[in-house]
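# Observations on the model geometry
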Amino acid sequence: LYFACHPEGGGALKVLEFFDGPDPCDCYKRAQTLVPQQALALTNSEFTLVRSRLLAQRLLDGTAADQAEKTITIAFESVLTRRPSTVELTACQDFLKVQTELVGKTAKPEVARQRAWESLVRVLFSHHDFITLR
């Protein structure tokens, strides 16, 4: 994503404060920094929540609960443009199981499954391979 950024009034977006937006006066070399609020802003933003719901629904449409491995692979390919490693696949399966059980305590099974997948997609949206250009 590209944003216009200039020192005059209104020249910087408020959201860039969380993402350590560039200082227009430092145009030659930018110092490397880490802003911990980035992860929270990305994970909790309305934009991310809506997109994770839409993608999770698309992933689950027409797939059975026993096709988790295939669906996880499709999610990785859709978001990260690569297949999951064996370790990532196992971690995702474990995550989905725990999330479904937790949400299932207060929701119907189909809602619990949907919410678990939404959470997994949100995790993928926060993945280093998704947010970092190489």
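This report concerns the structure included in the present document. (Residues numbered from 1 in each chain as written. Predicted model: local features only at pLDDT ≥ 70, side-chain atom pairs only at ≥ 80, totals over all residues. Heavy atoms only, no water.)

### Here's the deal with the overall build of the protein
The number of helices and strands found in the protein is six helices and zero strands. Secondary structure elements in the protein, listed N-terminal to C-terminal, are α-α-α-α-α-α. Scored against the burial criterion, the 134 residues of the protein give a buried share of 25%. Restricting the contact set of the protein to residue pairs at least 6 apart, pairs at least 24 apart contribute 49%. Working note: accessible area of the protein is about 9700 Å², and carbon and sulfur atoms make up 59% of it. (Helix = DSSP H or I, 4+ residues; strand = E, 2+ residues; numbered from the N terminus. Buried < 20%, exposed > 50% of the residue type's maximum accessible area, 1.4 Å probe, protein only. Contact = heavy atoms within 4.5 Å. Areas by Shrake-Rupley, 256 points an atom, 1.4 Å probe, with all protein chains shown as cover.)

### A few points about the pattern of salt bridges
Under the definition given, this model contains five salt bridges. Across the salt bridge formed by R82 and E88, the nearest N and O atoms sit 2.8 Å from each other. R115 serves as the salt-bridge partner of E118, at 2.8 Å between the closest nitrogen and oxygen. Linking E118 with R115, this pair stays in helix α5 (residues 109–125), spanning three residues, or about one helical turn. On the basis of relative accessibility, which here comes to 4%, the residue E118 falls in the buried class. Judged by relative accessible area, R115 falls into the partly exposed class, the value being 35%. A cluster of three or more residues bridged by salt bridges with shared partners is formed by R53, R115 and E118. (Salt bridge = Lys/Arg side-chain N within 4 Å of Asp/Glu carboxyl O.)

### Re the nonpolar core
One recurring pattern in soluble globular proteins: nonpolar side chains tend to sit buried together. Counting 18 residues, the largest nonpolar core has I72 and W117 as its most contacted members. Every element with two or more residues in this core is listed here: α2 (46–60), α3 (68–79), α4 (86–104) and α5. The element contributing the most residues to this core is α5, with six residues. Apart from the residues lying within four places of it in its own chain, the contact partners of W117 are A56, L59, L60, A68, T71, I72 and L96. (Core = buried A, V, L, I, M, F, W, Y, C linked by side-chain atoms within 4.5 Å.)

### Focus on the packing of α4 against α5
Axis separation between α4 and α5 bottoms out at 8 Å; the angle between their running directions is 135°. What the angle tells us is that α4 and α5 run oblique. Of the two possible hands of crossing, α4 and α5 adopt the one that is right-handed. The segment α4 lies against α5, with C92, F95, L96, Q99, T100, V103 and G104 engaging A112, R113, R115, A116, W117, S119, L120 and V123. For the contact of α4 with α5, the class distribution of residues is nine nonpolar, four polar and two charged. (Axes fitted to C-alpha atoms, helices over the stretch in contact; angles between N-to-C directions. Parallel < 35°, antiparallel > 145°, perpendicular 65-115°, else oblique. Left-handed = near helix turned anticlockwise from the far one by under 90°. Nonpolar A, V, L, I, M, F, W, Y, C, P; charged D, E, K, R; others polar.)

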